[in-house]
Amino acid sequence: MRGRKRAVRGGEWARELLTALEGPPKHISQWLPHHARLLKQDMYSQVGLLTLGGRCCYLKLYSPKSFLQQCIYELGQGRPSRAFDNASRLVAAGVPVPRPLACVNLDSGVMLLTEGLEDGVDMQTLWLSGPGAATLAALHSAADALSKLHLAGYAHGDAKWSNLLWANDRMLLIDLDGARRCRIGGRRQARDLARFTLNAEERGVGSQLYKHFLDRYLGAVGGDREQVIRRMQPSLLKLRARHLARYGEGEHNLLA
């Protein structure tokens, strides 16, 4: 690849990734689909699975949305570096997240490399595949993941089901660039619960199954159920209104 490229985080993994990027094709937009199995892409990002050093890795290319963001990326700052640093701290705290491996700057953006889970499936896809033995286990594991994150003093920032990855019979939190340190039990953590709850409503989770999720979460973090629901409500009402405006009717409210 032509242009500036340098390691921002990751030591040996970053060097191995940069070496791999030297191979053809030269342009990153062609290199990614040639070497990785693309999972999703949009105007400003591409995501795929890459085998590197005999290991399955998750790869995300962040393309800058503006000249200012490009400058921030070039300084080794911004969402990709923050995702790497957040994951490093959360792994150390015992929170179930994929291990970060490398972060490198390219002339076309920043590439983040993390531990890959080839057979992983996000919770939304898992649920849509139909009810099964994994249903209650997945809800319990999601409650465990969120409670560990919150007890570590963090909020995810976008705790939707597509950011919960089911792999090897446990749930991991992914897409950590929006994670923030926060007060345990505070507004940001309540919003995480509200975002998760909205997806549960969208997917038609029954009230009894949802109760299993919330009881499991509260069993870990403590607190009164009604107080937690009250803290959740302002965010949940806004999220429901946004969903209604975007998709129309069809509400299935788990919490009044």
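Figured I'd write up the structure that's included with this text. (Residues numbered from 1 in each chain as written. Predicted model: local features only at pLDDT ≥ 70, side-chain atom pairs only at ≥ 80, totals over all residues. Heavy atoms only, no water.)

**Some words on the sheet that holds strand β7 (residues 121-122)**
Then comes step 1: Spatial ordering of the open sheet is given by β7-β9-β10, a layout of 3 strands whose pairing is antiparallel. Of all strands in the sheet, those bounded by a partner on one side alone are β7 and β10 (170-173).
Then comes step 2: The pairing of β7 with strand β9 (residues 164-167) spans 2 bridges and is antiparallel. Its bridge partner being in β9, D122 is matched across the sheet by L165. (Pairing = 2+ DSSP bridges. Helix = DSSP H or I, 4+ residues; strand = E, 2+ residues; numbered from the N terminus.)

**Description of the packing of aromatic side chains**
Then comes step 1: Tallied over the full model, the rule gives 4 aromatic pairs.
Then comes step 2: For the pair W127 and W161, a centre-to-centre distance of 5.5 Å together with 65 degrees between the ring planes defines the contact as edge-to-face. Separated by 34 residues along the polypeptide, W127 in helix α5 (residues 123-128) and W161 in the loop between β8 (154-155) and β9 bring together distant segments of the chain.
Then comes step 3: Accessibility expressed as a relative area gives 18% for W127, which makes it buried.
Then comes step 4: Geometrically, the ring pair formed by Y210 and F213 is tilted, given 5.7 Å between the ring centres and 40 degrees between the ring planes. In this pair, Y210 and F213 are both assigned in helix α8 (residues 207-221), 3 residues apart and thus about one turn of the helix distant. Side by side, Y210 and F213 carry an identical accessibility label, which is buried.
Then comes step 5: Cluster of aromatic residues (ring-pair linked, three or more members): W127, W161, F196, Y210 and F213. (Phe/Tyr/Trp six-rings, centres within 6.5 Å; stacked < 30°, edge-to-face > 60°. Buried < 20%, exposed > 50% of the residue type's maximum accessible area, 1.4 Å probe, protein only.)

**Some points on the environment of L68**
Then comes step 1: Relative to the assigned elements, L68 resides in helix α3 (residues 67-74).
Then comes step 2: Classification of L68 as exposed rests on a relative accessible area of 61%.
Then comes step 3: For the pair formed by L68 and Y44, sequence separation is 24 residues and the distance between their alpha carbons is 15 Å.

**Re helix α7 (residues 187-202)**
Then comes step 1: Look at α7: 22 Å from first C-alpha to last across 16 residues, which is about the 22 Å you get at 1.5 Å a residue.
Then comes step 2: Of all 16 residues in α7, 12 are buried, a share of seventy percent or more.
Then comes step 3: Those residues of α7 not exposed but buried are Q189, A190, D192, L193, A194, R195, F196, T197, L198, N199, A200 and E201.
Then comes step 4: Two residues or fewer after α7 comes G204, characterised by a positive phi angle close to 75 degrees. (Expected span 1.5 Å × (residues − 1).)

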